[in-house]
Amino acid sequence: MDPSKVDGQLFLGDNLPPDSTTRHQRASAEDFAWGTQAAYELVEPDSGIIYERVLLVTKDPTTLPHSRAKCAKWVRIGPIKTCIGWTVNLQWYYVRAVLRVSTAKPIDIKDIVEDCLREGAIAAAIAAIITGGSAAAAAAAGAVEVCLARKLGDQLLTVSVSLEHYWGEWQ
């Protein structure tokens, strides 16, 4: 699905987009923060297994779109040419959240990640009800990270969620 054609989409279950990159974040547990910008390095072939999953694609609610107007219908009245119909195109700013999990050995972690994302969604919903929404992202991040650590143990190397921002196509 083209992300420039939707207002936002949350990906859970089997409706997953293809992997977007082969990069991952090298950070210690103390440096990790949900949505923090970080330096990314290309993954070496022998440095572990990377599982990458797009969590969310949506229009950024805090950024107004770019707009451009173009004349769609011209009319001539004698020597004067004037526009009597305009079309307006918009270009939206998008946010994409990507979860990356790296493990020491090649193991199938798709179901584990899905279970942990469900636990994170439940934690976010509870925190949103209690705090009015202000602590939802932090609660989800903590729940997902703790769940992955519990289920993968010492096989878990890193967990990161990156927020990528980009301008979509003109519509």
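Our structure's up above, just so we're on the same page.
Residues numbered from 1 in each chain as written. Predicted model: local features only at pLDDT ≥ 70, side-chain atom pairs only at ≥ 80, totals over all residues. Heavy atoms only, no water.

The secondary structure content of the protein amounts to two helices and eight strands. Taken across its 171 residues, the protein has 33% of its residues classed as buried. Of the contacts formed within the protein by residues at least 6 apart in sequence, a portion of 75% connects residues at least 24 apart. Accessible surface for the protein amounts to roughly 10500 Å². Of this, 58% is attributable to carbon and sulfur atoms. (Helix = DSSP H or I, 4+ residues; strand = E, 2+ residues; numbered from the N terminus. Buried < 20%, exposed > 50% of the residue type's maximum accessible area, 1.4 Å probe, protein only. Contact = heavy atoms within 4.5 Å. Areas by Shrake-Rupley, 256 points an atom, 1.4 Å probe, with all protein chains shown as cover.)

This part takes up the pairing of strand 6 (residues 80-91). Across eleven bridges, the pairing between strand 5 (residues 66-77) and strand 6 is antiparallel. Residue Ile77 lies in a different strand from strand 6, and its bridge partner there is Ile80. Where strand 5 folds back on strand 6, the antiparallel hairpin that results is connected by two residues, among which Gly78 adopts a positive phi of roughly 65°. (Pairing = 2+ DSSP bridges.)

Now for the state of the cysteines. Tallying each qualifying case throughout the model produces two disulfides. Here Cys71 is linked by a disulfide to Cys83, with a sulfur-sulfur distance of 2.2 Å. Note on the Cys71 and Cys83 pair: the S-S dihedral is about 105°, so by sign convention the disulfide is right-handed. Taken together, the positions of Cys71 in strand 5 and Cys83 in strand 6 put the pair twelve residues apart, joining distant regions of the chain. The disulfide partner of Cys116 is Cys147, and the gap between their sulfur atoms is 2.2 Å. Judged by the sign of its S-S torsion, about -75°, the bond between Cys116 and Cys147 is left-handed. (Disulfide = S-S within 2.5 Å.)

So, about the pattern of salt bridges. In the structure shown here, the tally under the stated rule is seven salt bridges. Where Glu114 meets Arg53, a salt bridge forms, and the shortest distance between an N and an O atom there is 2.7 Å. Placement of Glu114 in helix 1 (residues 110-131) and of Arg53 in strand 4 (residues 49-59) is noted, with a sequence separation of 61 residues between them. There is no split in this pair, since Glu114 and Arg53 are both buried. The salt bridge involving Arg96 is made with Glu164; its shortest N-O contact spans 2.7 Å. Separated by 68 residues along the polypeptide, Arg96 in strand 7 (residues 93-103) and Glu164 in strand 8 (residues 156-167) bring together distant segments of the chain. Put simply, Glu52, Arg96, Arg100 and Glu164 are held in one network by salt bridges that share partners. (Salt bridge = Lys/Arg side-chain N within 4 Å of Asp/Glu carboxyl O.)

This brings us to the nonpolar core. Of all hydrophobic cores here, the largest spans 16 residues; its most connected members are Leu99, Val101, Val113 and Leu148. Among the secondary structure elements, those contributing two or more residues to this core are strand 4, strand 7, helix 1, helix 2 (136-152) and strand 8. The element contributing the most residues to this core is helix 2, with four residues. (Core = buried A, V, L, I, M, F, W, Y, C linked by side-chain atoms within 4.5 Å.)

Mapped onto the elements, Glu169 comes out in the segment after strand 8. As for Glu169 and Leu90, which are separated by 79 residues in sequence, their C-alpha atoms are 8.3 Å apart.

For helix 1, which comprises 22 residues, the first-to-last C-alpha distance of 31 Å matches the rise-based estimate of 32 Å (1.5 Å per residue) to within 8%. Residues Val113, Glu114, Cys116, Leu117, Gly120, Ala124 and Ala127 constitute the buried set of helix 1. On an axial view of helix 1, the arc spanned by its buried residues comes to 160°, and they lie on one face. Within helix 1, the exposed residues directed more than 90 degrees away from the buried face are Asp111, Ile122, Ile129 and Ile130. Just past helix 1, the residue Gly132 takes up positive phi, approximately 80°. (Expected span 1.5 Å × (residues − 1). Arc of directions from axis to C-beta.)

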